[in-house]
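Structural description and commentary
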Amino acid sequence: MKSILETLRESGMFVTFLDLVQAAGLEGRLSTEGPYTLFVPNDDAFRSVSPSELDAIRGNADRLTDVLNYHIVPGVHSMIDLLGIRTLRSLEGEDLTVEIAPEGVLVNNVPVVESDAWCTNGICHAVYTLLLPPVARTAAV
């Protein structure tokens, strides 16, 4: 079993997210700290983010850290666990909402497209959209 960081690198499907992690200096968090549950947007998810919005996030160190920490939850929450949870507090400090819908488990109304990638320091669930904390959502509008 590998760390969250190694697992994401090996998959080849999270290049943009990993670039942001590196820009924010959070590689250590995802390789040695934890345990964490990571709701990680795959590269397809970033196609819905405009290049100017992505540049704005990348260009503001505090905002970048907040956006990335919003995807990370302390503790390990498998897909089975998520079926009984309604909110999770992110490292950024805001809550993520969890719902069960006909299309599966939703986090902030975003489908979990792959689940339960177990790692030495937690677990990863792939989502199909970049999750923005409420303050970042307001700034993006």
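Residues numbered from 1 in each chain as written. Predicted model: local features only at pLDDT ≥ 70, side-chain atom pairs only at ≥ 80, totals over all residues. Heavy atoms only, no water.

**Observations concerning the pairing of strand β4 (residues 95–101)**
Direction of pairing for strand β3 (residues 87–89) relative to β4: antiparallel, over a ladder of 3 bridges. Across the sheet, Arg89 pairs through a bridge with Asp95, a residue of β4. Where β3 hands over to β4, the hairpin turn is made up of 5 residues, of which Gly93 adopts a positive phi near 110°. In the sheet, β4 pairs with strand β5 (residues 104–107) via 4 bridges, with the strands oriented antiparallel. When the sheet's bridge partners are listed, Glu99 is paired in β5 with Leu106. Two successive antiparallel strands, β4 and β5, enclose a turn made up of 2 residues. (Pairing = 2+ DSSP bridges. Helix = DSSP H or I, 4+ residues; strand = E, 2+ residues; numbered from the N terminus.)

**Focus on the nonpolar core**
Judged by nonpolar contacts, the single largest core of 26 residues is most densely connected at Ile4, Leu8, Phe17 and Leu38. If you tally residues by element for this core, the top one is helix α2 (residues 15–24), at 4 residues. Core analysis: the second largest hydrophobic core is formed by 15 residues, Met79, Val107, Val127 and Leu131 among them. (Core = buried A, V, L, I, M, F, W, Y, C linked by side-chain atoms within 4.5 Å. Buried < 20%, exposed > 50% of the residue type's maximum accessible area, 1.4 Å probe, protein only.)

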